[in-house]
Amino acid sequence: MAFAIDEINRNSNLLPNVTLGYSLYDNCANPEIGFRAALSLVSGQEEQFMLDDTCVGTPPVVGIVGDSSSTHSIAISSVLGLYRVPLVRAMIQILNHFGWTWVGLLISDDDYGLHAARSFQSDLVQSGRGCLAYMEVLPWDNDQDELRRIVDVMKKSTARVVILFANERHVNKLMEEVARQNVTGLQYMISESWTAATALHTPHLTPYLAGTLGIAIRRGEIPGLREFLLQTRPDLHNNNSYGNSMCRFAPPPADWVDAGGALCSGQEDMENVENDFLDVSDLRSEYNVYKAVYALAYALDDMLRCVPGRGPFRGHSCGSLKELEPWQLVYYLDKVNFTTSIGDQVTFDENGDVLPIYDIMNWLWLPDGTTKLQNVGEVKKSAFKSEELTIDAHKIFWNFESKEPPRSVCSESCPPGTRMARKKGEPVCCFDCIPCSEGKISNETDSLECTSCPEDFWPSLQRDHCVPKETEFLSYHEPLGICLTAAALLGTCMCAVVLGIFICHRRTPIVRANNSELSFQLLLSLKLCFLCSLLFIGRPTLWTCQLRHAAFGISFVLSISCILVKTVVVLAVFKASKPGGGASLKWFGAMQQRGTVMVLTSVQAAFCTAWIVSASPVPHKNTQYYNDKIVYECVVGSTIGFAVLLGYIGFLAVLSLFIAFISRNLPDSFNEAKLITFSMLIFCAVWVAFVPAYVSSPGKYADAVEVFAILASSFGLLVALFGPKCYIILLRPERNTKKSIMGRGNDT
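Since this is a predicted model, take the numbers as computed values, not measurements. (Residues numbered from 1 in each chain as written. Predicted model: local features only at pLDDT ≥ 70, side-chain atom pairs only at ≥ 80, totals over all residues. Heavy atoms only, no water.)

A short note on the overall build of the protein
Okay, step 1: The helix and strand inventory of the protein stands at 20 helices and 21 strands.
Okay, step 2: The buried share of the protein, taken over its 748 residues, is 45%.
Okay, step 3: Long-range contacts, defined as pairs at least 24 residues apart, comprise 66% of the intrachain contacts of the protein with a sequence gap of at least 6.
Okay, step 4: When the accessible surface of the protein is totalled, it reaches about 38,600 Å², and 57% of it is carbon and sulfur. (Helix = DSSP H or I, 4+ residues; strand = E, 2+ residues; numbered from the N terminus. Buried < 20%, exposed > 50% of the residue type's maximum accessible area, 1.4 Å probe, protein only. Contact = heavy atoms within 4.5 Å. Areas by Shrake-Rupley, 256 points an atom, 1.4 Å probe, with all protein chains shown as cover.)

This is the structure:
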């Protein structure tokens, strides 16, 4: 403190017209003495100031730099806070870097321990970063029963990490009991209050405490401090107590005799003296005192630079040294922001706490049985960021057989694909891992909830990520699609072959007797029926969805229309063969036949056009059939439109069947009616069976059923109507004569 104030007073840029003074107090490790000194300073009753000749009047107390002991600082700050006197103190920051979420907490029964416990629980438990397996208060007196009970709790707990906020006295007694019960396998993390405790260097405690991690106040360098101390001379006349203390550690002169006089003469040379006062290699509390003094100086400097009329206080006033109120300095202290010579930033957060910088220490167990304190990282917080942890894990000594950090959790982490489910009545760190339900995933460890996959995705087998759903449609690459495609192409080829046969033999009696023009139209329409079935195979698109039902409906109406006209013509020819029945043929000439087919087909075309315009069939991704598949299908758009299309085909088919059934007993010369009757029976049977099969078939199988119905009915018509004729044309040409055909009629 003396060095910092001397340095500030010599700095012309900081408090140029103000000289700082100080008063030092030793609280003798007794909070009551600290209280008395702090209150006397605040009340202005302290009169023992060593004033410079230039000072006028009694200077005000602008701030107090607290004790290095947190217990004393907390106690004093709780009183001085009423007067809003700034107190600079360090705060404990513990970070759980190694995933230790299940820990035990041991605290001393004083302000330090209780305050640390509240802070620790607030930061660890309420933030959800961990839980306390237990919290025990270490006794002040030598209560062995209580110590045995506490150590027994430590031994039985599943928490492998023990955090201690206690002073050295508590720790020594605790560790002696730990050694008596031989409790090993625990990882200790200690606060800054006992990083130099003798227990950490006691040989018989080393097997238990080696590998301990500790949080130490940041070690810093203060350039010029040693030189300042070396220039100090003991001066009994000016009551230079700290200089006198240094002298008392020096070796006495050879001719010195203690006769009740002073040890120091004031002329001693400190250059060759080796003692704790001159050791500046490990400045921790001293470095914080140095920063604290500078923080007060910067705050006071900012206050004195205030321009009257532009101040932050009532009426835009400024603070002054003559009428200084402590809360005015607090205002400026909150805004202090400077950087030390070694690059540490000094500023305060919204709670008035200095931004912490802590060293992380580790006790290394050396081969000779001793321990060595080593720095393995630091905890640092900036004004704009949260705490940042820098740690060299490779340097840490772990006092375990594995030489790895211990696991200290109440429940093991839930892997991806599961979620955490709290155990009733237990801390949040104790939970079960529940697999994600169907359709949901979790892709992180310790997920609280499982999330649903997008519509086109489905969880993987491990339910840790979403994968695209398998798409299903009647494909050309699967066996079913290949078979149906082959059957459709076979039917198309058969129609072409039959058409070729009929064209080549178009002048033969059997072709001419069966209305060759309608036969040609029927073969072409059947060919279209076979080809339209291909529109139901492959990934559905807008044009295939619109075209498939329209092509199917029009092709089949064209086929049934041809069959219907052929049936009516057969019946008309039979009636014309009877006396007085020739007039009936004039209504069924070639033009009338073509016109009838055109009109009947146009009606279906009109139905299809209205259907597509009003409610067009469109491709649709159906996720209702299967959870893990997307079924690509064509929705009909309008069920009424689809029903009208099928109903019209059914009406014509039933009408053809009825007329053909009436004509079935005609003479054998007109046996076309028998073939039509048989073919219509096949056609109607196929489509009656189609309806329930189509409705009950999911996904691609509905399309397969429809394709099968188209192919089965088309093959039925083709084989039933044209099979016998091709047999006669190709294999029994002797029967393909007018005489043979007419002769069969005479035989009947």
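We are not done yet, so read on.
A closer look at the state of the cysteines
Here a disulfide denotes one covalent bond, and it connects the sulfur atoms of two cysteines.
Okay, step 1: The tally for this structure, following the rule as stated, stands at seven disulfides.
Okay, step 2: Shown here is the disulfide that connects Cys436 with Cys450, its sulfur atoms set 2.0 Å apart. Disulfide Cys436-Cys450: the torsion about the S-S bond is -75°, which places it as left-handed. With a gap of 14 residues between them, Cys436 in the loop between β14 (431–435) and β15 (440–441) and Cys450 in the loop between β15 and β16 (451–452) connect regions that are remote in the sequence.
Okay, step 3: You can call Cys436 buried: its relative accessible area is 1%.
Okay, step 4: Classification of Cys450 as buried rests on a relative accessible area of 11%.
Okay, step 5: With its sulfur 2.0 Å from that of its partner, Cys453 forms a disulfide with Cys466. With the S-S dihedral at roughly -90°, the linkage between Cys453 and Cys466 falls on the left-handed side. Taken together, the positions of Cys453 in the loop between β16 and β17 (457–459) and Cys466 in strand β18 (residues 466–468) put the pair 13 residues apart, joining distant regions of the chain. (Disulfide = S-S within 2.5 Å.)

A few points about the sheet that holds strand β11 (residues 371–380)
Okay, step 1: Read across the open sheet, the eight strands follow the order β4-β3-β5-β6-β7-β10-β11-β12; overall the sheet is mixed. Strand pairing shows two members of the sheet lacking a second neighbour, β4 (131–138) and β12 (388–391), which therefore form its edges. In this sheet, neighbouring strand axes are inclined to one another by 25° on average, regardless of whether the strands run parallel or antiparallel.
Okay, step 2: Examined bridge by bridge, β11 and β12 share four bridges and lie antiparallel to one another. Looking across to β12, one finds that Gly377 is bridged to Ile391.
Okay, step 3: Of the strands in this sheet, β3 (102–108), β4 and β5 (161–165) are in contact with helix α4 (residues 111–124), which crosses β3 at around 160°. (Pairing = 2+ DSSP bridges. Axes fitted to C-alpha atoms, helices over the stretch in contact; angles between N-to-C directions.)

Topic: the side chain of Ser679
Okay, step 1: Looking at where Ser679 falls in the secondary structure, it is placed in helix α18 (residues 672–696).
Okay, step 2: Each residue touching Ser679, except ones within four places of it in the same chain, is listed here: Gly716, Leu717, Ala720 and Leu721.

A few points about the packing of aromatic side chains
Okay, step 1: All told, the structure shown has 26 aromatic pairs when counted by the stated rule.
Okay, step 2: Taking the centre distance of 5.0 Å and the plane angle of 40° together, the rings of Phe690 and Tyr694 count as tilted. With Phe690 and Tyr694 both in helix α18 and four residues apart, the pair spans about one turn of that helix.
Okay, step 3: Take Phe690: its relative accessible area is 3%, and that puts it in the buried class.
Okay, step 4: Cluster of aromatic residues (ring-pair linked, three or more members): Phe552, Phe556, Trp611, Phe642, Phe683, Trp687, Phe690 and Tyr694.
Okay, step 5: The lysine or arginine in question, Lys335, covers the ring of Tyr331, its NZ or CZ lying 3.9 Å from the ring centre.
Okay, step 6: Above the face of the Tyr632 ring, Arg539 is positioned so that its terminal group lies 4.6 Å from the ring centre. (Phe/Tyr/Trp six-rings, centres within 6.5 Å; stacked < 30°, edge-to-face > 60°. Lys NZ or Arg CZ within 6 Å of the ring centre and 35° of its normal.)

Things to note about the environment of Ile107
Okay, step 1: For Ile107, the position within the fold is in strand β3.
Okay, step 2: In the structure, Ile107 is positioned 10 residues away from Ala117 in sequence and 7.0 Å away in space, judged by C-alpha atoms.
Okay, step 3: Those residues in contact with Ile107 that lie beyond four places of it in its chain are Gly113, Leu114, Ala117, Glu136, Val137, Leu138, Phe165 and Ala166.

Some thoughts on the side chain of Ser411
Okay, step 1: Looking at the secondary structure, you find Ser411 in the loop between β12 and β13 (418–422).
Okay, step 2: By relative accessible area, which is 11% here, Ser411 ends up buried.
Okay, step 3: Side-chain polar atoms of Ser411 contact the backbone nitrogen of Phe431, separated by 2.9 Å.
Okay, step 4: In this structure Ser411 touches Lys423, Cys429, Cys430 and Phe431, once residues within four positions along its chain are discounted. (Polar contact = N/O pair within 3.5 Å; in protein donor to acceptor, adjacent residues only side chain to side chain.)

So, unusual backbone geometry
Okay, step 1: Unlike most non-glycine residues, His316 shows phi in positive territory, near 60°.
Okay, step 2: Phi at Lys403 takes a positive value of approximately 60°, unusual for a residue other than glycine.
Okay, step 3: Looking at the element boundaries, Lys403 is found in the loop between β12 and β13.
Okay, step 4: For Lys403, a relative accessible area of 48% translates into the label partly exposed.

Points about the packing of helix α5 (residues 144–156) against helix α6 (residues 168–181)
Okay, step 1: Contact geometry for α5 and α6: axes closest at 9 Å, N-to-C directions at 65°. Relative to α6, α5 is oriented so that their crossing is right-handed. Of the residues in α6, those in contact with Gln144, Leu147, Arg148, Ile150, Val151, Asp152, Met154 and Lys155 of α5 are Lys173, Leu174, Glu177, Val178, Arg180 and Gln181.
Okay, step 2: Of the residues belonging to the contact of α5 with α6, the class tally is six nonpolar, two polar and six charged. (Left-handed = near helix turned anticlockwise from the far one by under 90°. Nonpolar A, V, L, I, M, F, W, Y, C, P; charged D, E, K, R; others polar.)

Concerning a positive patch on the surface
Okay, step 1: Residues Arg506, Arg507, Arg512 and Lys738 make up a contiguous surface patch of positive charge.
Okay, step 2: Take Lys738: its relative accessible area is 63%, and that puts it in the exposed class. (Patch = residues over 30% accessible without salt bridge, like charges linked within 9 Å, V, L, I, M, F, W, Y side chains within 5 Å. Salt bridge = Lys/Arg side-chain N within 4 Å of Asp/Glu carboxyl O. Lys, Arg positive; Asp, Glu negative; His and termini not counted. Charge placed at Lys NZ, Arg CZ, Asp CG, Glu CD.)

A few points about the sheet that holds strand β19 (residues 470–472)
Okay, step 1: Reading across from one edge, β19-β21-β20 is the order of the three strands in this open sheet, with mixed pairing throughout. The open sheet has two free edges, formed respectively by β19 and β20 (618–622), since each of these has just one partner strand. For this sheet the average axis-to-axis angle between neighbouring strands, irrespective of direction, equals 25°.

Description of the packing of helix α14 (residues 516–532) against helix α19 (residues 700–731)
Okay, step 1: It is the contact of α14 with α19, at a shortest axis distance of 9 Å, that shows an interaxial angle of 155°. Considered as vectors, α14 and α19 are oriented roughly antiparallel to each other. For α14 against α19, the interelement crossing comes out left-handed. Taking contact as the criterion, the partners of Ser519, Leu522, Leu523, Leu526, Cys529, Phe530 and Cys532 in α14 are, on α19, Ile710, Leu711, Ser714, Phe715, Leu717, Leu718, Leu721 and Phe722.
Okay, step 2: For the contact of α14 with α19, the per-class residue count stands at 13 nonpolar, two polar and no charged. (Parallel < 35°, antiparallel > 145°, perpendicular 65-115°, else oblique.)

Quick notes on helix α16 (residues 590–614)
Okay, step 1: Between its first and last C-alpha atoms α16 spans 36 Å; for 25 residues at 1.5 Å apiece the expected length is 36 Å, and the two agree.
Okay, step 2: Residues of α16 that are buried include every one of Gln593, Val597, Leu600, Thr601, Gln604, Cys608 and Trp611, and no others. (Expected span 1.5 Å × (residues − 1).)

Some words on the nonpolar core
The tendency in soluble globular proteins is for nonpolar side chains to be buried as a group.
Okay, step 1: The biggest cluster of nonpolar side chains holds 68 residues, and the ones touching the most others in it are Phe552, Met680, Phe683, Trp687 and Phe722.
Okay, step 2: Those elements that place two or more of their residues in this core are α12 (479–504), α13 (509–512), α14, α15 (542–576), α16, α17 (639–662), α18 and α19.
Okay, step 3: No other element matches α19, which puts 13 residues into this core.
Okay, step 4: Non-local contacts of Trp687, meaning those with residues more than four positions away in its chain, are made with Phe552, Phe556, Leu646, Ala709, Ile710 and Ser713. (Core = buried A, V, L, I, M, F, W, Y, C linked by side-chain atoms within 4.5 Å.)

Some points on the pattern of salt bridges
Okay, step 1: If you walk through the whole model with that rule in mind, you get 15 salt bridges.
Okay, step 2: Arg10 is paired through a salt bridge with Asp6; the nearest N and O atoms lie 2.9 Å apart.
Okay, step 3: Put simply, Glu177 and Arg180 hold a salt bridge, and the shortest N to O gap is 2.9 Å. Here Glu177 and its partner Arg180 are both found in helix α6, three residues apart, which amounts to about one turn of the helix.
Okay, step 4: For Glu177, a relative accessible area of 3% corresponds to the buried category.
Okay, step 5: Here Arg180 falls in the exposed class, since its relative accessible area comes to 51%.
Okay, step 6: In the salt-bridge network here, residues are joined through shared partners; they are Glu136, Glu146 and Arg149.

Coordinates in, geometry out; function isn't part of it.
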